[in-house]
Amino acid sequence: MIVPLEHVLYLSAILFLLGLGCVLARRNLIMILIGVEIMLNAVGLTLVGASAFWQQIDGQIMVVFLMAMTSAEVSISLAMVVYLNRRKGTVDVRAFDELRG
Amino acid sequence: MTPDVATPFPLLSLLLWLPLGGTLLCLLLRHSSNLCRWISLLTTLTVLVVALGMAVSSIGGSGWLFYEDAAWIEPFGIRYTLGMDGISLLLVLLTALLQVAAILISWRQKQRPALFYALVLVMETGIIGVFLSLDLILFYLFWELMLIPMFFLIGVWGHENRVYAAVKFFFFTLAGSLFLLLAIIWLYLLHGGQTGDYSFALDALRQTVLTPGQEMILYIGFMLAFIVKVPLFPFHTWLPDAHTEAPPAGSVDLAGLLLKTGVYGMIRFAFPLFPAAAQKSLPFLAILALVGIFYAAWIAYVQTDMKRVIAYSSVAHLGFVILGLAAWNQLAWEGSLLLMINHGITTGGLFVMIAMIQDRSGTRELGKLGGLWTVFPNLSAFFLLFCLSSLGLPGLANFAGEILVLLGAFKADPLWGGMAVAGVVFSAAYMLRVVQSALWGESKKLARNDDLAVREWLILVPLAALVVLLGVYPAPVLEFLREPVSLLLETGGMP
Amino acid sequence: MTLSDLHALLPQLILALGATGILMVGAWWPSRAPWVLTGVALSFCAAISAGIVLPTVTEVGGMFGVTPYARFFTILWSILTGLTLLLSLRYAKVHRFAGAEYTALVLFAGAGMSLLSAASSLVGLFLGLETFTLVLYILIAFNRGEAIGAEAGLKYLVMGAVATGFLAFGIALIYASSGSFHLPEAMHGLQIDGQMRPLGLLGWAMLLVAIGFKVSLVPFHLWTPDVYQGAPAPVTGLLATGAKGAMFAALIPLFAALGTLTLELNAVLAALAMLSMVGGTLAALPQRNLKRMLAYSSVVHMGYLLLGLMSGGPDGQRAVIFYLIVYGIATLGAFGVITSFAQADGEPQDYETFRGLGYRHPRRCSALSAFLLSLAGIPPLAGFFGKFGIFHAALKSNHHLLALVGILAALVSVSYYLRPIIVLFMQERPAQRLRPGCTHEFAVLTVCFSLVLYLGLYPGPLLELISQILPSP
Amino acid sequence: MNPLLLFLIPILPLFGGVINVCFGSRLPHRLVSGLSVAAVSGSFLLATLLWPLGSGEGTRVVLFSWLKSAGFQADVGILFDPLAAVMTLMVTGVATLIHLYAAGYMAEDESPARFFALLNLFVFAMLCIVLADNLLFLFLGWEGVGFCSYGLIGFWYRNSKNASAGRKAFIVTRIGDLFFAIALLWLFSAFGTVMIEQINARVAELDPLLLTGLTLLLLGGACGKSAQLPLMSWLPDAMAGPTPVSALIHAATMVTAGVYLLCRMFPLVSLSPTGMAAIALVGALTALYAASCALAQREIKRVLAYSTMSQIGYMFLAVGVGTVSGAMFHLLTHAFFKALLFMGAGCVIHLAGGENDIYRMGGLKEKSPQVFWLFLVGILCLAGTPLTGGFFSKDAILLTAFAAGDGFYATLWGIGVLTAGLTSFYSFRLLYLVFFGTARQAGQGHAPSPLMLWTLPPLALLGLCTGLLNLPHLFGGHEWLTLWLGQPMAEMLPVGTEIGLLFLMLIFFVGGWVIAHVRYRTFPGDEQAGWRSFLLSGWQADRVYELILLRPYRAICRFCWQGGDKALIDGVMEGLARLCLHWGDYVRRLSNGQVAFYLQGFAWGLLLIVGWFLLASVK
């Protein structure tokens, strides 16, 4: 391996925490989804690193599945965002709190 | 281990599932209430006749009078085992009798009659099931089956704050029985661990070797469920509320039968399974019983609602029964079981009478009643008879049981026996207060003033006859009790 | 993917390809009832094929096993999909759902669930899970009529996306530390001299967060009441029974593969189970809305299932599967009753609308009471033997404290199961007549009611079937 | 004669009672009273016929075993020995006369069936007490008598005061029964049997302390039933019942049951000196107390009630000093003349137009000389004029009390003599106020029916002549009753002291008469002095009991109900429920609809799990 697995893992951990931070901090729906994407990218990085470390192809196949799934998820999320925007006129997450208690 | 009497025709199952058949019929034909009325009466009568037939055929019999066993749920080792000995035979007879009275007393039930009769019949299955089942899970199933119909009977057909009373009744009993479930499962695992064969049969589980600590915890788990049901002193507050709100049939079942299932559970399951722990707990039980006798009698004295007085009197009488059990000798046990059966008939009669009085005078408040003797001499005569039996007049039902309990308790511990006798005076105080405000004095405005109808005669004459007969000549009942009680005392139950 | 592999995955294929077929043809020929009925037919024929067709190969593509365990659950989930579709036939007409899309999505969800249950590798688990999660995002917001549907969909989407992130990261970490996706090897790989590798532990932590969200354990359950209330009733039924059930069906082989290492997770699992049981019960107490109450009750039931799962061993697994089925039937029945009462202007949820209804619609209300009593675990109904199995397993693996907490939770939970029954039968107010049910709904309700009663009285055969299909550790 | 016939004695009244209960309301008035009179007279005839069976050891016969369980055996059996024979004869005899009298007295009452049924059941219960061969069957009769007296006292139940008088009687006697029950239990646990004969035979085995305890308990039981101190407050109120009831219950039968019990268990009682002293003390004190109260009573029947209480006190004194024959002798004579007096009082009330208060009567001598002469005989016996039955029986008791000798018994003898004086005073006071002076009653009375009148002479004759039955040696008698009862003969006092004592008694009798004559020969007008109202209300006994017993009892009951049940038990349960609901509300508000907050839930969850693992792995 050109770089020890630990470095890859540290990078992906940092990336994951950044994504998580973005999700928690942001109130705009799109920014939250972007945060999720960052977390998923971090996962892709780990998988590739691990696949390289274990000299196996499985990791990368998993990444391909992961990308397919991420794109599907993004498309549905954006469709939802458009739908919500049309309904409520805003994508600010705080506006959606009718269901409570 | 099926004893010799392999009954060709499963009489016990017939006894058990007949009422359920009646329920289904009632639910199917629920649009014609008259038909349902007759179906339920017919079912309860057939159960009574079958029970009487079984009683007559098993006079002089010994060991299990009837026994049935079939596989039910193999993975857990649960079997469908029913067994009837002297004690359960008498209790089943009592159930059958009081159920007929319950149906007759609610003959003119106008509010959703079909559902009402169906629930009363389901109740009968539950109660008979508790008295017959020998497999712990089967017992637990019927133990809880009794809960739901009673909850609906109180909740739907009750009086003012019926929901509070129904929920309180449901919670008290369920709290106790959930700990019972845990204890049963733990015992089952311990037994399985030791002997390898996982089964819930009562006689198998009696062989488990338990450390004193485990035995005491399991014993407490079992007793919690039964003490709440008996109602022993601190757990009795659900009974008066449930009684005041329950419809007549519900009250008859509640007082006459449900309280007995608690005592039956003790002598059939709790004591035989954990003999050492039972011995250690006897003084504690006796103290609770004694406190219960006085405490309930005192409260009954200041009650204004007739049903609450009778409810608290039941707590006092059951206190006597538990005192008898705590004395742990043949005399006291036969006395307490006899008292249990007699109390069922007397209190059942009393509640039937209260229902009739309420029909006629429109109220149960002691303050608003009065002078019933002038308007309904026959009804008042019967009411006086049941009240006298309840306050323990010699020659009537309750006295026979009470005197044996007192003799046994005095032999076990003079202090207990002596104090318990004092309870007799307080019971006279509150019962006579009821009689005084109901029967004597000037008669007030009444809704109806026709004396007993034929239907009412049909209920009261057999009950009154039994009250006198069991008071004067209780030998046949004692005969049935002798052998099972002696077995329960020494070896902890049938082989 | 040789022919025999395809042959093995026949049921899932029937569902998935059927769904795509319906989706395509539906675009040109938009109608409602026929598509839903074809959906029902498809799911039942998938169930039959799973039952009859004996696969020759045991594992497909290293990802999905075709063991009796997997086939059992495929049958279960396809029947569930069929029942949900049957249930939502009238509901779709009332709310003017797009018939084809709705059926296709539900069938996809069915396929996803059976794949998840059949997963024999982490990748299979991931794919199966994501399939029906994505489908559920849409199904929850399917009802364009009301705003709350959209809000529910949003909440489920956001939480789902984050949970997927955690799930994928967990799988990646486990793969990094053990070098394989395939379950038995992956789990053994985590072990060095009896201890789990720190990386593996972190991976499991992430996995637990994702599981926590999926089966709504307490700290992660906050979305459940809102989604249950917002989503259309049949979809909530599917979500409550199928989604959570499939997750647990996947967890059983996962934990079986983990074997002795579960001891390290025990502390956290115990905490989650206890929090769920206690927190769910307390939160459900003051509820005045039937769907929200059922949501919190599902949180409590997931706590029980987790307790069963922790007990491990054949007893624990059998208890979990039986409890799963019984809980599923009761919840589906309950939501079926709500669906049958639903009208154009929304479903009756608050207890106010149910007051005194017991005598207007005796059959459905008594069915609802039976389902609630079964959830409460009262003996003559199936719930009792479910709880009995769980406590039996818990005491056998001497989780005494948890069993005690479970009993107390069961005791307190009875109060919020009784409240709707009291409102239905014991409060006298002449309620206006709600919708008379249609035959489809009655069919589903009678099936559920008779199953709850039958399993309550005679659970023997089902228990034996389950003990045969248990995955050998 | 076949001993089983003995069972007919109690069964006849039972049978009469049951028929009246079930079919009485449908039968005509004549048939109802006729049936009940026939039943009682039938058993009286049987008692006389089967008299020889009772001689010597008596006969014991069993009908069936009532309660048999594990070592305890109580059966429905009869022990017909001399003591029982005498009592049966007295009870059935007096009861027959009273039933005849009642047939006349209750002629115009609207529910005769209930009255005669209860009367018959009462006689049945009394006969059970008298004939029982084991304590439990005796206890059955004991409480049966209690219930019948409750029914009869509260017979005119429309006025709820009568009903509560009946209830008071039942509860106070029940307190007495409590002590008797404890004695019964103790005897069973000591001897393993409740058969009276076996107990009396093996009574020597017990240690003295146990003996004294048992005697005191039996005394408690007897006090309850015979209205002695401290359980005496029910007897005066029991006058609310019809006059035949007062005659039957409070003259002849029920109140003597206590004395009979002590005589029946005399072998046990006599072995504990302290017990005997207590019985004697209670007897003497009650005698004095009752006599003093009788002085100031206004109603005719209450005077007789207190006089009964005082005479029963004498019988207790007799048992206390050890002479059973003395007690039984006085019991017999008292039964006859007190029944006569009560029935006479009934006639007087009829004559005075239903007036009860003697201060508003008078001059009835002219109105009905026949009633006057019969009433006079009763008063003479009661006052203890020499050569009448009352004189001999009372004198025998006082003689034995004097013979007992030492300081304690001497004082009791003194009290006895003083009470004798008071007795003669209040008897003649009653006589003068009712029969002499001017007619003060308001209403126009009517002559009593012939049936009522013709039952009095036999009792008068019996009252006078029973003295012959047990004449002391001084008068050449040879004590047939003591012989018949098999009791030891009274030891001879020197002739001089006996005559001296008789003379002393005579002085007290004449003194009482003279004072009454001076005071009441001419009507003194309504006396309402302070100390009289104290005596009138029986030394304020009722108020004392109310204060120290009933009020605290009600307070405890209310406290148990409100405090115990409501506040404590229900309070705890509902508190728990509210607590859960409160926490539930707190947890419910957690899901506040904000997606951002839900995500923070995630974060907390993650922290919890990862943190736990770090902790676990660091450990």
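Placed above this text is the structure.
Small disclaimer: the values here were computed from a predicted structure and weren't measured.

Asker: So what about the overall build of chain D? Which residues, and what values?
Answerer: For chain D, the helix and strand inventory stands at 26 helices and 2 strands. With respect to the principal axes defined by its C-alpha atoms, chain D has extents near 115 × 60 × 55 Å. Taken over 619 residues, chain D has a buried fraction of 61%. A fraction of 80% describes how many contacts in chain D between residues 6 or more apart in sequence connect residues 24 or more apart. Carbon and sulfur atoms make up 73% of the accessible area of chain D, which totals about 22,200 Å². Each charge sign in chain D was given a centre, from 35 positive and 30 negative side chains, and these centres are 10 Å apart.

Asker: Describe the interface of chain B and chain D, and please don't skip the residues or the numbers.
Answerer: Each side of the interface is counted separately: chain B has 60 residues, and chain D has 47 residues. Counting each side, the surface lost to burial between chain B and chain D is near 4,700 Å², with a carbon and sulfur contribution of 72%. Put simply, chain B and chain D have 1 salt bridge between them. Put simply, Lys168(B) and Asp570(D) hold a salt bridge, and the shortest N to O gap is 2.9 Å. The tally of links between chain B and chain D comes to 16 residue pairs in polar contact (both at pLDDT 80 or more). Here the side of chain B that touches chain D takes 14 residues from helix H18 (residues 414–439) of chain B, the largest share from any one element. Taken together, the residues of the side of chain B that touches chain D sort by class into 40 nonpolar, 12 polar and 8 charged.

Asker: Tell me about the packing of aromatic side chains, residues and numbers included.
Answerer: On inspection of all chains with the given rule, the structure shows 93 aromatic pairs over all chains. On the numbers, 5.2 Å between centres and 75° between planes, the contact of Phe408(D) with Tyr409(D) is edge-to-face. The class for Phe408(D) is partly exposed, based on a relative accessible area of 33%. Following the ring pairs from residue to residue traces out a cluster consisting of Phe16(A), Tyr137(C), Tyr156(C), Phe166(C), Phe169(C), Phe213(C), Phe220(C), Trp223(C) and Phe602(D). Note that Lys229(B) overlies the ring of Trp143(B), its terminal NZ or CZ placed 5.5 Å from the centroid.

Asker: Quick rundown of the layout of surface pockets? Include the residues and the values.
Answerer: Quantified by volume, the second largest pocket comes out at close to 1,800 Å³. For the second largest pocket, the lining is made up of 46 residues, of which Leu27(B), Leu115(B), Ser366(C), Phe449(C) and Leu453(C) are closest to its centre. For the lining of the second largest pocket, the secondary-structure elements that each account for two or more residues are helix H1 (11–28), helix H4 (113–132), helix H5 (136–145) and helix H6 (147–157) of chain B together with helix H16 (362–376) and helix H19 (439–457) of chain C. Sort the elements by how many residues they give to the lining of the second largest pocket and H16(C) lands first, with 8 residues. Taken together, the residues that form the lining of the second largest pocket break down as 35 nonpolar, 7 polar and 4 charged.

Asker: Could you give an account of the interface of chain C and chain A, naming the residues involved and the relevant values?
Answerer: Contacts between the two partners involve 47 residues from chain C, matched on the other side by 38 residues from chain A. Here chain C packs against chain A, burying approximately 3,500 Å² in sum over the two surfaces, 78% of which is carbon and sulfur. Between chain C and chain A we count 9 residue pairs in polar contact (both at pLDDT 80 or more) in total. Looking at the side of chain C that touches chain A, the elements with two or more residues in it are helix H6 (122–140), helix H7 (147–178), helix H9 (198–214), helix H10 (223–230) and helix H13 (290–311) of chain C. Here the element with the most residues in the side of chain C that touches chain A is H7(C); it accounts for 24 residues. Looking at the side of chain C that touches chain A residue by residue, the classes come out as 29 nonpolar, 11 polar and 7 charged.

Calculation notes
All residue numbers refer to position in the chain's written sequence, counted from 1. Chain letters and ligand numbers both follow the written order, the letters beginning at A and the numbers at 1. Since the coordinates come from a predicted model, pLDDT governs what is reported: local features require at least 70, and pairs of side-chain atoms require 80 or more to be given and counted, while whole-chain, interface and lining totals use all residues. By convention in this description, side-chain values take in all heavy atoms of the structure and omit both hydrogens and water. Runs of E in the DSSP output that reach at least two residues are strands. Runs of H or I that reach at least four are helices, and both are numbered from the N terminus. When a residue's accessible area, from a 1.4 Å probe over protein chains only, is under 20% of the maximum for its type it is buried; when over 50% it is exposed; and in between it is partly exposed. Whether two residues touch is decided by their heavy atoms; if any such pair falls within 4.5 Å, the residues are in contact. To measure how exposed things are, a 1.4 Å probe is used in the Shrake-Rupley method; for residues, cover is taken only from the protein chains shown. By the counting scheme adopted, Arg and Lys are positive, Glu and Asp are negative, and His together with the chain ends is not counted. The location of each charge is read from NZ of Lys, CZ of Arg, CG of Asp or CD of Glu. Two parts lose some accessible area (1.4 Å probe) when they are put together, and adding that loss for both gives the buried area. Definition used for salt bridges: Asp or Glu carboxyl oxygen within 4 Å of a side-chain nitrogen of Lys or Arg. Pairs of N or O atoms within 3.5 Å make up the polar contacts considered here, provided that, within protein, one atom can donate a hydrogen while the other can accept it, and that residues adjacent in sequence are counted only when both atoms are side-chain atoms. All residues other than Ala, Val, Leu, Ile, Met, Phe, Trp, Tyr, Cys, Pro, Asp, Glu, Lys and Arg, Gly among them, are scored as polar; the first ten of these are nonpolar and the last four charged. Each pair of aromatic rings taken from Phe, Tyr and Trp, with Trp reduced to its six-membered ring, is defined by centres within 6.5 Å and is described as stacked if the planes are under 30 degrees apart, edge-to-face if over 60, and tilted in the remaining cases. Whether a charge sits over a ring depends on NZ of Lys or CZ of Arg being within 6 Å of the ring centre and within 35 degrees of the ring normal. Any residue with an atom within 4 Å of a point lines the site, the site being either a cavity, points on a 1 Å grid over the protein atoms alone where a 1.4 Å probe fits but cannot get out, or a pocket, an open set with protein on both sides within 12 Å along at least 5 of 7 lines. Grid points are joined across faces, edges and corners, and a volume is the space filled by probe spheres set on the points.

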